Amino acid sequence: MDIIESKTWVEWLITIAKFGFCFVPVLYILLLIPMERRGAGFMQDRQGPNRSYIKVPYFGKVRLFGYVQNMCDGTKLFFKEMFAPKGAKKFLYYVAPAIPFAIVFLSPCVIPWFGPMVFEWGGKVVRIAGPIVDSEVGILLLFGFSSLSAYGAVLAGLSSRSKYSYLGSLRTTAMTISYEVCQGLSMMGLLVLAGSFSLTDIVSWQEHHVWGIVAQPVAFFCFLIATIAETGRAPFDVAEGEPELVAGYHTEYGAMQFGLFYMGEYSHICISSLLVATLFLGGYSVPFVTTETIQAHMGGSLAILCWVLAFFALAFLHMIYRYSRKLRASAQSNKMEILQEYKLYKGIGWIAAFVLVCAGIASWMLYNPQVTVVNGVAVNTLGAALGTALIHLLVLLVKSVFFCWVWIWVRWTLPRFRYDHVMHLGWKIILNIAILNLVVTAVVAKLMGGN
Amino acid sequence: MLALIYFIILAVIAVGAACCVFLSKHPLYGGLSLVLTMLSLAGIYGLLGSPFIGVVQIMVYAGAIMMLLVFVISVLNAAKDNRTPMFDGTSIFVLIGVLGLAGLIGFALVLTPLGFDATTLRGSVEMTSSNLFDTAQTGPGYFVLFEVLGLLLLSSMGAAVLMAKKRLGSDASVEAASEEAIAEEKEEK
């Protein structure tokens, strides 16, 4: 194998660094759990959990808007006793929670996190693909992993020797299979248009034509519904519906075993939202601007990025100032503590806004790398390529966070469906619409002379 | 060299899990071992330069069909938790048959020259689709055959539905048949 000689060390470094993206879904859990709790509070017109705090000496209590609650939960789950009910199949019972959580690390490998980086290094043109594994069957691989992760729930239900778990796992099996079919078929129309199974190709097709949501609006809604059902959350949480099945397939689990199921569910939301953003919302591509334009005006693009972030910092400061004004007028007993905490946020916010504005001006004035063209492909410097990748990554994350919010929004807005309603929706409505959409798309694409 | 190491790892897993299918006493463990075999076979397909076949193996067999098999096993068996004996009277003939077949296949494999080159691409998406569906090449390819197969699966699904209407309680087989038909349809598209 002569792979090693053909690559420069920078290429190796970036290729290895890309494996860090495997941990993105796990990091999303930290974002999603507070988002879900405070979001539920927002929907139901209450506060949500924000009372837990860390005591910093000589300063006071830091509550981080309820983020500390995560650490409390994690600590609680880690230190609880692991147990198995009597008569459970021990091996399967202990292995089952690990399956969905292990799949979580595999799934991000095929998602393109940024456009292909093409840059010059040491007299050589280096090209680095967006996803960790740039496979031509990327999307199918993702679906394969997603169908495998259902084994966790199924085995948990079968091995824990409880009727509720058992019924939950049967329902999970039926629902996973039926909605996977809907998901696959509703996505096929877009694949026909893009003419590829590779997610990189799909995103670049959307970048140069239109976004998937414009080309395939019906498929988008079918796909979104099927994907929400696939994650097994309300309104589709028939597999763990509290009024019927106690907690479904994880009734018998406690401590970190339950925690693994819990984290697996949230990571599944993360991966699904990334997938929806990649397939239907243009993935990493910036709206109305092509990658070539960004690379041609690298300094300006970075400046705009910095200023957008500075705007968010200022919006955060505005929020903090409004809160503190309200708090001073109120008669809350712990308001001095909270105002003390807000002082810290004000300081951080002003420093961040100042630094970001300065960085934006500096990159606008000083950073202006040249783009050379080799064999018809624009080749940048390493810095410009990394800058483009950063912009792409942030755009993708913003889109996926929006879809995470859609998940939470749907969960706390709609009531739970009954089991037969879920099956009816899947097999008789969404599947038919998806097939019809696929046929129409194929005919239109053929007549228009596309792929 | 690297490909050979991966191949050995995957092959050991595949063969070991396949042995577990026979040796496990509870059918649920047998089914799960079969899933493991299929996954490692998918890995070997990918290693042979045909990632499409490997991924379809994961999606259709390990994902959908084995899931249904586990479903059926659990419906029929998990509640009672019965354990079948490993050997009985008929297993002598089965054992002889299996050993004979294994010997024949091993003999054939030893005689066949096997070139193992991980770099050549044998079953990419494009190659597979052009082999199956390209009508412009010599003859209609496998296109007509594929359609007939789809029709066969559809008719079998209809038959299963009719049979299930008469005798209640065999819903799982209907779902299995429809699932296969839909999986075929998906591949077709």
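Bear in mind the structure is a predicted one, so any value in this text is a computation, not a measurement. (Residues numbered from 1 in each chain as written. Chains lettered and ligands numbered in written order. Predicted model: local features only at pLDDT ≥ 70, side-chain atom pairs only at ≥ 80, totals over all residues.)

## Considering the overall build of chain B
Working step 1: Counting its regular elements, chain B contains 7 helices and 0 strands.
Working step 2: Traced from its N-terminal end to its C-terminal end, chain B shows the element sequence α-α-α-α-α-α-α.
Working step 3: Put simply, of all contacts in chain B between residues at least 6 apart along the chain, 59% involve residues at least 24 apart. (Helix = DSSP H or I, 4+ residues; strand = E, 2+ residues; numbered from the N terminus. Contact = placed C-beta atoms within 7 Å.)

## Here we look at the overall build of chain A
Working step 1: When you go through chain A residue by residue, the secondary structure sums to 18 helices and 6 strands.
Working step 2: Since a compact globule built from 451 residues should have a radius of gyration of about 22 Å, the 24 Å found for chain A is in line with a globular shape.
Working step 3: Sorting the 451 residues of chain A into buried and exposed places 42% on the buried side.
Working step 4: For chain A, the proportion of contacts with a sequence separation of at least 24, taken over those separated by at least 6, is 79%. (Rg over C-alpha atoms; globule rule 2.2 N^0.38 Å. Buried ≥ 20, exposed ≤ 12 C-beta atoms within 10 Å, placed from the backbone.)

## Describing the nonpolar core
Working step 1: One finds Cys182, Phe223 and Val276 of chain A together with Met38, Ala62 and Met66 of chain B to be the most contacted residues of the largest nonpolar core, which totals 129 residues.
Working step 2: For Val276 of chain A, the residues in contact, after removing those within four places along its chain, are Phe223, Leu224, Thr227, Leu281 and Phe403 of chain A. (Core = buried A, V, L, I, M, F, W, Y, C linked by C-beta atoms within 7 Å.)

## A look at the interface of chain A and chain B
Working step 1: With 23 residues of chain A at the contact, the number on the chain B side is 23 residues.
Working step 2: Sort the elements by how many residues they give to the side of chain A that touches chain B and helix H8 (residues 163-194) of chain A lands first, with 8 residues.
Working step 3: Residues of the side of chain A that touches chain B, tallied by class, amount to 16 nonpolar, 6 polar and 1 charged. (Nonpolar A, V, L, I, M, F, W, Y, C, P; charged D, E, K, R; others polar.)

## A look at the pairing of strand S4 (residues 124-128) of chain A
All names here are of chain A.
Working step 1: Bridge analysis of strand S3 (residues 117-121) against S4 gives 5 bridges, and the strand direction is antiparallel. Bridging across to S4, Glu120 finds its partner in Val125.
Working step 2: Counted between consecutive antiparallel strands, the loop separating S3 from S4 contains 2 residues, among which Gly122 sits at a positive phi close to 60 degrees. (Pairing = 2+ DSSP bridges.)

## Some points on the confidence of the model for chain A
Working step 1: Mean pLDDT over chain A stands at 84; residues scoring 70 or higher make up 97%.
Working step 2: Mean pLDDT across the elements of chain A bottoms out in strand S5 (residues 372-374) of chain A (68) and peaks in helix H11 (residues 217-231) of chain A (89). (pLDDT = per-residue confidence, 0-100.)

## Points about helix H18 (residues 419-448) of chain A
Residue and element names in this part refer to chain A.
Working step 1: Over its 30 residues, H18 runs 42 Å from end to end, which matches the ideal 44 Å to within 8%, given 1.5 Å per residue.
Working step 2: Here H18 has its buried residues at Val422, Gly426, Ile430, Leu431, Ala434, Asn437, Leu438 and Thr441.
Working step 3: Where H18 is buried, its residues contact H8 and H11.
Working step 4: Two residues or fewer past H18, Gly449 is found with a positive phi of approximately 75 degrees. (Expected span 1.5 Å × (residues − 1).)

## What about helix H16 (residues 335-366) of chain A?
All names here are of chain A.
Working step 1: Between its first and last C-alpha atoms H16 spans 46 Å; for 32 residues at 1.5 Å apiece the expected length is 46 Å, and the two agree.
Working step 2: Buried within H16 we find Glu341, Gly349, Leu356, Gly360 and Ser363.
Working step 3: Against the buried residues of H16 lie strand S2 (60-62) and helix H15 (298-329).

## Overview of the domain arrangement of chain A
Buried accessible area, meaning the area lost when the parts come together, often serves as the stated size of an interface.
All names here are of chain A.
Working step 1: Assigned domains within chain A: domain 1 (74-285 + 381-448) and domain 2 (295-368).
Working step 2: The gap between the C-alpha centroids of domain 1 and domain 2 is 34 Å.
Working step 3: The interface of domain 1 with domain 2 comprises 4 residues on the first partner and 5 residues on the second.
Working step 4: For the side of domain 1 that touches domain 2, the class distribution of residues is 2 nonpolar, 2 polar and no charged. (Domains from an automatic or database assignment.)

## Overview of the confidence of the model for chain B
Residue and element names in this part refer to chain B.
Working step 1: When the pLDDT values of chain B are averaged, the result is 76; 70% of them are 70 or greater.
Working step 2: Per-element confidence in chain B is highest for helix H1 (residues 2-23), whose mean pLDDT is 88, and lowest for helix H7 (residues 171-188), whose mean pLDDT is 54.
Working step 3: If you check the scores for this complex, the pTM reads 0.83 and the ipTM reads 0.76.

## Comments concerning the environment of Ile213 of chain A
Residue and element names in this part refer to chain A.
Working step 1: Considering the arrangement of structural elements, one finds Ile213 in helix H10 (residues 212-215).
Working step 2: Note on Ile213: 19 C-beta atoms within 10 Å, which makes it partly exposed.
Working step 3: For the pair Ile213 and Ile225, spaced 12 residues apart in sequence, the C-alpha separation works out to 14 Å.
Working step 4: In contact with Ile213, not counting residues within four places along its chain, are Phe220, Phe280 and Leu281.

## Considerations on the packing of helix H13 (residues 255-280) of chain A against helix H17 (residues 382-413) of chain A
All names here are of chain A.
Working step 1: The N-to-C vectors of H13 and H17 enclose an angle of 120 degrees; their axes lie 8 Å apart at closest approach. Taken together, the axes of H13 and H17 lie oblique to each other. The handedness of the crossing between H13 and H17 is right-handed. Along the contact surface, H13 presents Ile269, Cys270, Ser273, Leu274, Val276 and Ala277, while H17 presents Leu396, Lys399, Ser400, Phe403, Cys404 and Trp407.
Working step 2: Residue composition of the contact of H13 with H17, grouped by class: 9 nonpolar, 2 polar and 1 charged. (Axes fitted to C-alpha atoms, helices over the stretch in contact; angles between N-to-C directions. Parallel < 35°, antiparallel > 145°, perpendicular 65-115°, else oblique. Left-handed = near helix turned anticlockwise from the far one by under 90°.)

## Considerations on unusual backbone geometry
Residues and elements named next belong to chain A.
Working step 1: Despite not being glycine, Asp45 has its phi angle at roughly 60 degrees, a positive value.
Working step 2: Of note, Asp45 is situated in the loop between helix H2 (24-43) and strand S1 (54-56).
Working step 3: Taking the C-beta count within 10 Å as the criterion, Asp45 has 6 such neighbours and is therefore assigned exposed.
Working step 4: The phi dihedral of Arg161 falls on the positive side, at around 55 degrees, and the residue is not glycine.
Working step 5: Looking at the secondary structure, you find Arg161 in the loop between helix H7 (150-159) and H8.

## Quick look at the packing of H1 of chain B against helix H2 (residues 27-47) of chain B
Residue and element names in this part refer to chain B.
Working step 1: The geometry of H1 relative to H2 is characterised by a closest axis approach of 8 Å and an angle of 160 degrees between their N-to-C directions. With respect to their mutual orientation, H1 and H2 come out roughly antiparallel. Handedness of the H1/H2 crossing: left-handed. On the side of H1, the interface is formed by Ala3, Tyr6, Phe7, Leu10, Ala11, Ile13, Ala14, Ala17, Ala18, Cys20 and Val21, while H2 contributes Gly30, Ser33, Leu34, Leu36, Thr37, Ser40, Leu41, Gly43, Ile44 and Leu47.

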